Every structure is written in C-alpha cells, then in structure tokens.
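# Analysis of the macromolecular model
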Amino acid sequence: MRKGRLRGVAAVAMCFVCAAFAYALTRLPVFAGEGYEFSSGTSSSAHIERTDAPFSYKLFHAVAGESARFSGDVCAQLIASYRAEVLFCEEACGVTNYYCFSPLLGAGILLDGRQVNLHIAVDGGQTAAGTPVIFGGF
C-alpha cells in the first residue's frame, strides 16, 4: 500500500517536472542575437525592456514582442532559418525593412492587409530582427 502511494506521488511529481520543462521551452528567446529587447504591457509597444538575460526575463514576464541585434547584414540567413516569405519592403533613412511571414513563429499582426510575424531591418553595418515587428526603433 505504501509503495503504491509513493509511486503515485512520484508520478504526480514527474508530471509537474514535465509541465515545467515544457513551459520553459515555450519561453526560450526567438533570436540568438545581442541587444535583446522585449515589448510588454497592454499593447506591444507600451513598454520596452532591454536585457542581457532574455531567457530569465521571458520566463517570468509576459511579452508581446521581442527583438535582437546582429553584426553585419544577416538578413538572408534570418529569412532562410525562419523559412520566411518576404511580404513587402520599405526603405527609409538608409535602413531597409523587410516585413515577412514565417510558419515557425506566432500569428503576428496585420500590416498593409498582410499577416506579419517577422520584421528585419538592415542598415549595412547591423541587422535587427523582431517578432511580430521591431518595437522601440532601430
């Protein structure tokens, strides 16, 4: 009888461990770049938080979007790694913005009548990538 209870407690404990591990996996940062930023609050641009520990921040805070910076022009690599389709581009002040949809990311937002969930900005010297878009400027 005592062995049965112990097994039951162990099974419940393992369920909690598995659930915690699954939750932690959903909180992994999307990008591997530097200068990580999260947008949070009631709207995705309500508050921008910069952090050097994106996993820890995302584990304990609700986020509406996230972005990171990369050295050089890594736009093509990002598009390929996220299997993204470039929906439209725009250029302003020497920065080229690519608005994309990736089947590997969440639903995104509607921009220009299209569902965008990956935004990449390139100025030659660096690249920024954000999901659903880059908030806080580049």
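So, a few notes on the structure that sits alongside this text. (Residues numbered from 1 in each chain as written. Predicted model: local features only at pLDDT ≥ 70, side-chain atom pairs only at ≥ 80, totals over all residues. Heavy atoms only, no water.)

This part takes up the pairing of strand β8 (residues 118–122). In terms of burial, β8 is a largely internal element, five of the five residues being buried. The alternating pattern of β8 places L118, I120 and V122 and H119 and A121 on opposite faces, both of which are buried. Note: β8 against strand β9 (residues 126–131), four bridges, orientation antiparallel. The partner of H119 across the bridge, within β9, is G130. Here β8 hands over to β9 after three residues, with G124 in that stretch at a positive phi of 95°. (Buried < 20%, exposed > 50% of the residue type's maximum accessible area, 1.4 Å probe, protein only. Helix = DSSP H or I, 4+ residues; strand = E, 2+ residues; numbered from the N terminus. Pairing = 2+ DSSP bridges.)

Grouped burial of nonpolar side chains is what soluble globular proteins tend to show. In this structure, F31, F70, L78, Y82, L118, I120 and A129 are the most contacted members of the largest nonpolar core, which totals 18 residues. Looking at this core, the elements that each hand over two or more residues are β1 (34–40), β3 (65–71), α3 (75–81) and β8. Not counting residues up to four positions away in its chain, the partners in contact with L78 are F70, I120, T127 and A129. Among the nonpolar cores identified, the runner-up in size contains five residues, and Y99, V116, V133 and F135 belong to it. (Core = buried A, V, L, I, M, F, W, Y, C linked by side-chain atoms within 4.5 Å. Contact = heavy atoms within 4.5 Å.)

All we've got here are geometric facts, nothing functional implied.
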